[in-house]
Amino acid sequence: MSDAGGSAGPRLPQTFGEKLSFAAPVLLATLAVSVLIAFVLVWVVSGQIRTELKSTKDELTAKNDALAKDLSEEKKKTVDLQKKADDLAKANTDLAAKNETLTGDLNKAAIKLDTQGKALDKVSSTLSDFIKGQEELDSRQNTDLAKHDSKIQYIEKRLEVLKTLESDVNSLKDATGELKKDYVVLKKDLGDVSKKAEITDKDLTDLTERSRIFQLRVLAARAKEAADAARNNDIKSLVQKLNSGE
Amino acid sequence: MNPIRTTVTLAFAVSLLMVAGCGFLKKEEGANRTILKAGWQVSDDMEGWVAVPNSAPKESKSEKGVGYYILSTHNIVPAKMDGFQAFSPKAFEKLSGIKVAEQKTPEGEMWAMRPAGRSVPKEKDGWIGVPLKYPKVEGGAGAILGADQLIPKEMDGWVAIDKETSAKLVEEFTLNQQTINKRKSEDK
């Protein structure tokens, strides 16, 4: 009778199977929650990793592009340098060729100059010989004719001076009768003496004195006439005289 | 007839005539020029003359004692310089060896004395009126001056000398030149 009354509360699982059946829902729920949390954690971490990886990738791509660009520029520069080097090489070749030509021309010119120099020396030498011969000839002639010629030349010079005075004497207006007469006489005397075979020093001295005195007389007569013209207000002839610097 | 009244009338008439007579410019005695007086009138025989400020050539003397006059534009040749010879500075230097300073006289005013009867303005008082006659220039370098002639602008700075001075200078000049020429011909 007491066993029947004492079993009124919930009945506890007695066996392992019962116990497992009793705890299964809780265990399953816990497992599900754990899996969910693990999934969330993995998802978050993987997202971060992806982001970082993407960023790294972008960075590397940019660097790669920059490097490619630099490389391209360097290649271009290399090409330009190569072109310039080619040009310089060509120019160098041309210059070398020209230099060779000039050297050839210079050698030719030097040869010609040498030839001409020799020819010039020859001409110079011939000319010197000729001048020397001429001087010797002149010297001989001068020695032979010196005395007589010098006297005749002197008289001729006097005659020339007289000739220049002729127009002056003839152009004088006043008191020229005597001067004209003296002029004719002096000219005649000079001519006569120059024809003489033997001209003495006395002849020369006399003629020189007479010529000088005559020149002075003409000079004074002209000056007097000019002064008279000025006194008579002959301004026209005076201005002409000044303008001509007579 | 009142003798006092007649005398007064006659005196007035005579003084009126005298004033009227003095109102016309008169030539200087023995010269062909007149001195202008303010308010006086140009007479018939001066019509066409010109008047310029009273100025005369400046007298000068060289170190060698050669006396000469420097002419300026609108100088009037005074009677004492009648017949003088004028030379350009260059010609005079050649003739005498005297170098005169260059002159640049500004061209002054000339007052035309026409028509007859024209009154002399106050500011022209003391000016000299002369016929418009210039010396005749020969060869661009010389001229003979006449009394009362007017010196033109192109003769500004010219030198005037009397005949005797000119004769002496010309004689020296001719002697010097001929001596130089003679030496030159002898050198040849």
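Our subject is the structure listed above.
Residues numbered from 1 in each chain as written. Chains lettered and ligands numbered in written order. Predicted model: local features only at pLDDT ≥ 70, side-chain atom pairs only at ≥ 80, totals over all residues. Heavy atoms only, no water.

Section: the overall build of chain A
A count of helical and extended segments in chain A gives 5 helices and 0 strands. Across the 246 residues that make up chain A, the buried fraction comes to 17%. Across chain A, the fraction of contacts at a sequence separation of at least 24, relative to all contacts at a separation of at least 6, is 69%. Of the accessible surface of chain A, which amounts to about 19,500 Å², a share of 61% is contributed by carbon and sulfur atoms. (Helix = DSSP H or I, 4+ residues; strand = E, 2+ residues; numbered from the N terminus. Buried < 20%, exposed > 50% of the residue type's maximum accessible area, 1.4 Å probe, protein only. Contact = heavy atoms within 4.5 Å. Areas by Shrake-Rupley, 256 points an atom, 1.4 Å probe, with all protein chains shown as cover.)

Remarks on the overall build of chain B
A count of helical and extended segments in chain B gives 3 helices and 10 strands. Along chain B, helices and strands appear, N-terminal first, in the series α-β-β-β-β-β-α-β-β-β-β-β-α. When the 188 residues of chain B are sorted by exposure, 41% land in the buried category. Looking at chain B alone, contacts between residues at least 24 apart form 67% of all its contacts between residues at least 6 apart. When the accessible surface of chain B is summed, it comes to about 10,900 Å², and 55% of that surface belongs to carbon and sulfur atoms.

Quick word on unusual backbone geometry
All names here are of chain B. The linkage connecting R114 with the following residue, P115, adopts the cis geometry, with an omega of -5°. Relative to the helices and strands, P115 is located in the loop between β6 (111–113) and β7 (128–130). The phi torsion at H74 lies on the positive side, around 70°, for a residue other than glycine. Relative to the elements of secondary structure, H74 occurs in the loop between β4 (67–70) and β5 (85–87). For D148, which is not glycine, the phi torsion reads 70° and is therefore positive. Within the secondary structure, D148 sits in the loop between β9 (142–144) and β10 (159–161).

Some points on the nonpolar core
Grouped together as the largest cluster of nonpolar side chains are 23 residues, with contacts concentrated most on Y68(B), F87(B), F92(B) and L95(B). Of all the secondary structure elements, the ones that give two or more residues to this core are α4 (201–231) and α5 (235–244) of chain A together with β4, α2 (89–96), β10 and α3 (163–187) of chain B. Beyond its immediate stretch of four places on either side in the chain, L95(B) contacts L242(A), F87(B), L169(B), V170(B) and F173(B). Counting residues in each nonpolar core, the second largest holds 15 residues, with L186(A), V193(A), I199(A) and F214(A) among its members. (Core = buried A, V, L, I, M, F, W, Y, C linked by side-chain atoms within 4.5 Å.)

A look at the interface of chain B and chain A
At the junction of the two partners, chain B supplies 28 residues and chain A supplies 23 residues. Contact between chain B and chain A buries roughly 2,300 Å² in total, counting both sides, with carbon and sulfur atoms accounting for 64%. Counting across the chain B and chain A interface gives 1 salt bridge. Between E164(B) and R231(A) there is a salt bridge whose closest N-O contact spans 3.0 Å. (Buried area = accessible area lost by both parts, 1.4 Å probe. Salt bridge = Lys/Arg side-chain N within 4 Å of Asp/Glu carboxyl O.)

Considering the sheet that holds strand β1 (residues 34–35) of chain B
All names here are of chain B. One open sheet holds the 4 strands; their spatial order is β1-β7-β2-β6, and the pairing between them is antiparallel. Looking along the sheet, the strands with just one partner apiece sit at the ends: β1 and β6. Across 2 bridges, β1 lies against β7 in antiparallel orientation. The residue of β7 that forms the bridge with I35 is I128. (Pairing = 2+ DSSP bridges.)

Comments concerning the side chain of K124(B)
Residue and element names in this part refer to chain B. Its place among the elements puts K124 in the loop between β6 and β7. The buried category is assigned to K124, whose relative accessible area is 5%. At 3.3 Å, the side chain of K124 and the side chain of E109 are in polar contact. Sequence-distant contacts of K124, that is, excluding residues within four places in its chain, are made with L36, E109 and W111. (Polar contact = N/O pair within 3.5 Å; in protein donor to acceptor, adjacent residues only side chain to side chain.)

Let's talk about the packing of aromatic side chains
The description of an aromatic ring pair uses the distance of the two centres, along with the angle that the planes make with each other. Residue and element names in this part refer to chain B. Going through the model one piece at a time under the given rule, you end up with 3 aromatic pairs over all chains. Ring geometry for Y68 and F92: centres 5.5 Å apart, planes at 55°, overall tilted. One end of the pair, Y68, is in strand β4; the other, F92, is in helix α2, with 24 residues separating them in the sequence. Look at Y68 and you get buried, because its relative accessible area is 8%. The ring centre of W40 lies 4.7 Å from the NZ or CZ of K37, which sits over that ring. K124 extends its terminal NZ or CZ atom over the ring of W127, reaching a point 4.9 Å from the ring centre. (Phe/Tyr/Trp six-rings, centres within 6.5 Å; stacked < 30°, edge-to-face > 60°. Lys NZ or Arg CZ within 6 Å of the ring centre and 35° of its normal.)

Concerning the pairing of strand β3 (residues 58–61) of chain B
Residues and elements named next belong to chain B. Pairing geometry for β3 and β4, over 4 bridges, is antiparallel. Considered in β4, the bridge of S60 is made with Y68. Remark: 5 residues form the turn of the hairpin made by β3 and β4, two consecutive strands paired antiparallel; G65 in that turn has positive phi of roughly 90°.

So, the sheet that holds β10(B)
Residue and element names in this part refer to chain B. The strand order across the open sheet formed by 6 strands is β3-β4-β10-β5-β9-β8, and the pairing between neighbours is antiparallel. The sheet is open, and its two edges are formed by β3 and β8 (137–138), each paired on a single side. Bridge analysis of β5 against β9 gives 3 bridges, and the strand direction is antiparallel. By the bridge assignment, Q85 is partnered in β9 with I144.

Comments concerning the packing of helix α3 (residues 177–195) of chain A against α4(A)
All names here are of chain A. The geometry of α3 relative to α4 is characterised by a closest axis approach of 11 Å and an angle of 155° between their N-to-C directions. Between α3 and α4, the angle is such that the two are roughly antiparallel. Along this stretch, α3 crosses α4, giving a crossing that reads as left-handed. Of the residues in α4, those touching α3 at E178, L179, D182, Y183, V185, L186, D189, L190 and V193 are D203, L207, R210, S211, F214, R217, V218 and A221. The residue inventory of the contact of α3 with α4, partitioned by class, reads 10 nonpolar, 1 polar and 6 charged. (Axes fitted to C-alpha atoms, helices over the stretch in contact; angles between N-to-C directions. Parallel < 35°, antiparallel > 145°, perpendicular 65-115°, else oblique. Left-handed = near helix turned anticlockwise from the far one by under 90°. Nonpolar A, V, L, I, M, F, W, Y, C, P; charged D, E, K, R; others polar.)

Geometric descriptors of this kind do not, in isolation, establish any biological role.
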